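Architecture and fold: a report
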Amino acid sequence: MKYTKDKKFIGKMFDEISPTYDKLNHLLSGYQDNRWRKMAVKHLAGLSSDNRKILDLASGSGDLGLEFLKLLQDELYSVDLSEEMLKINRSKIQFENNFVIKADAEGLPFKNNYFDVCGIGFGVRNFQNLETCIKEINRVLKPGGRFATIEMFKPHKKTFANNSFRMYFEKILPKIGNSIAGSTYAYDYLFQSVNSFLTVKQYTELLENCGFRVLKSHNNFLGIVHTVFAQKV
Ligand SMILES: C[S@@+](CC[C@H](N)C(=O)[O-])C[C@H]1O[C@@H](n2cnc3c(N)ncnc32)[C@H](O)[C@@H]1O
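Presented here is an overview of the structure given in this document. Fair warning: this is a prediction, and the values are worked out from it, not measured in the lab. (Residues numbered from 1 in each chain as written. Predicted model: local features only at pLDDT ≥ 70, side-chain atom pairs only at ≥ 80, totals over all residues. Heavy atoms only, no water.)

Things to note about helix α8 (residues 200-209)
Considered for burial, the residues of α8 that qualify are Val 200, Tyr 203, Thr 204, Leu 206 and Leu 207. The buried residues of α8 all sit within an arc of 155° when viewed along its axis, so they share a single face. Structural note: α8 exposes Lys 201 and Asn 209 on the side pointing more than 90 degrees away from its buried face. Buried residues along α8 sit in contact with α5 (130-140), β5 (141-152), β6 (212-221) and β7 (225-232). At the C-terminal side of α8, Gly 211 shows a positive phi close to 95°. (Buried < 20%, exposed > 50% of the residue type's maximum accessible area, 1.4 Å probe, protein only. Helix = DSSP H or I, 4+ residues; strand = E, 2+ residues; numbered from the N terminus. Arc of directions from axis to C-beta. Contact = heavy atoms within 4.5 Å.)

Structure (structure tokens):
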């Protein structure tokens with residue numbers, strides 16, 4: 001597989017793997033993924049009580065959106081490129097103020113300063129033009145608006161533990177993932193997307209250069225899965 005972040009390719013890949021996406025996410029993360037989402041939302045709730053309008057960007061099938069319902073006061077917007085992922089989102093979050101929209105993070109269909117909160121679970125790594133997307137998120141957040149990113153970053157330090165995980169992640173996980181998802185490439189893409197992504201330090205620098213103040217970065221797993229909390233300046 002030739003590695004690419006072309007948007008058409010990404011949208012099609014997530015359409016194809018959507019039926020098994022949730023199941024594999026839970027299985028391959030050792031049932032930790034929802035715990036990371038819950039912790040992120042709990043921390044956001046502790047930072048401010050203004051939670052009227054929330055954006056779940058690259059929302060996929062809606063597991064982060066489900067957590068957001070616990071603090072939401074008004075409207076949830078679930079935005080993604082993949083129509084098939086959004087179909088699952090619609091059926092999972094049966095809440096009248098969950099507005100499910102097919103759109104690209106590079107050009108969000110919202111007014112400036114609209115949202116109190118934006119969250120992205122395992123999405124930024126897939127963005128074709130990451131800096132453009134981060135600037136868009138900054139535009140649609142209110143000043144002081146909070147932004148949480150849960151992501152798998154490239155580890156900046158090699159340790160025995162993360163080297164061992166890398167072997168599993170590169171050699172074993174793609175075989176399990178592809179065979180359950182019925183894909184020939186999607187879980188090889190997963191490894192390559194992390195391996196070619198930023199370290200968490202590089203990501204926080206990017207946020208700071210795009211109008212955010214980084215509040216905290218929490219290491220969830222082996223210096224690979226982090227949650228980064230930021231606020232629009
Ligand atoms: C790994 S899934 C994450 C889904 C969900 N947030 C979660 O926590 O499981 C990544 C999602 O990002 C979406 N995506 C990738 N590039 C995007 C873009 N430019 N704009 C909007 N969504 C995008 C994909 O379609 C996919 O549903």
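A few points about the site of the ligand
By nearness alone, 19 residues border the ligand, and Tyr 21, Arg 37, Ala 58, Asp 80 and Gly 121 come closest of all. For the ligand, a nitrogen atom lies 3.5 Å from a polar atom in the backbone of Ser 59. The separation between a nitrogen atom of the ligand and a polar main-chain atom of Ala 105 is 2.9 Å. Isolated, the ligand exposes 600 Å² of accessible area, and the fraction of that covered by the protein chains is 98%. (Near = heavy atom within 4 Å. Polar contact = N/O pair within 3.5 Å; in protein donor to acceptor, adjacent residues only side chain to side chain. Areas by Shrake-Rupley, 256 points an atom, 1.4 Å probe, with all protein chains shown as cover.)

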